[in-house]
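What follows is the residue order along each chain.
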Amino acid sequence: MTLTHIYQKLDYGIKLFLANDLRFIEMRLRRIIAALELNTNDQSFLLYSIKSDIGIETKNRVLDTTKAMLNEIQQLKDEFKLEKDVENLKRRVDVLLDEIWTTVADTRPEKMLGHGKMSKPDEESTRSYISKLLNMAEYLLFNKPM
């Protein structure tokens, strides 16, 4: 007897919960795959870097397993007729910009008081840069064509 015969219909709430959790897992699996397939060399950015420290054998094992996990998720989706969620790119960018704005706003010198002392010239310099970043983030957030 297959699962289809045992569980012909899942409760709507269970289907939503299952689909949401599987969506979360799928997104992270795809990020792992993208990281492993694209990042074969060390990468360096402004304030962080990524060191490629995974051997080819481990990389292939992780890729094979993540792809197998995606296959299992596909089978669950098909078996229980889980609905696909549609995420709009505009919404995703808006959320990321909002997170950036909030983080920049929390990086103003007056918000860092509990983290140590800052000289007046350093405070003014930091405030100047943070103010510019905040203005740019606000521009991106509030001046988008609809």
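Residues numbered from 1 in each chain as written. Predicted model: local features only at pLDDT ≥ 70, side-chain atom pairs only at ≥ 80, totals over all residues. Heavy atoms only, no water.

Chemist: Give me the layout of surface pockets: which residues, what numbers.
Modeler: A volume near 610 Å³ is recorded for the largest pocket. What lines the largest pocket is a set of 17 residues, and nearest its centre among them are Arg23, Glu26, Met27, Lys84 and Asp85. The residue inventory of the lining of the largest pocket, partitioned by class, reads six nonpolar, one polar and 10 charged. (1 Å grid on protein atoms, 1.4 Å probe; cavity = no way out; pocket = protein on both sides within 12 Å on 5 of 7 lines; lining within 4 Å. Points joined across faces, edges and corners; volume = space filled by probe spheres on them. Nonpolar A, V, L, I, M, F, W, Y, C, P; charged D, E, K, R; others polar.)

Chemist: Any chance you could break down the environment of glutamate 124 for me, citing the residues and the numbers?
Modeler: Checked against the element boundaries, glutamate 124 lands in helix 5 (residues 120–142). Put simply, glutamate 124 and proline 109 are 15 residues apart on the chain and 8.4 Å apart in space, counted from C-alpha to C-alpha. (Helix = DSSP H or I, 4+ residues; strand = E, 2+ residues; numbered from the N terminus.)

Chemist: Please provide a residue-by-residue account of the pattern of salt bridges, values included.
Modeler: Side chains that differ in sign of charge can pair as their charged atoms come close. Applying the stated criterion to the full structure yields eight salt bridges. As a salt-bridge pair, glutamate 110 and arginine 108 come within 4.0 Å of each other at their nearest N and O atoms. Under the relative-accessibility criterion, glutamate 110 is labelled partly exposed at 37%. With a closest N to O distance of 3.9 Å, lysine 120 and glutamate 123 form a salt bridge. On the criterion of helical spacing, the pair formed by lysine 120 and glutamate 123 is a turn pair, its members being three residues apart in helix 5. Through salt bridges with shared partners, one network takes in Arg108, Glu110, Lys120, Glu123 and Arg127. (Salt bridge = Lys/Arg side-chain N within 4 Å of Asp/Glu carboxyl O. Buried < 20%, exposed > 50% of the residue type's maximum accessible area, 1.4 Å probe, protein only.)

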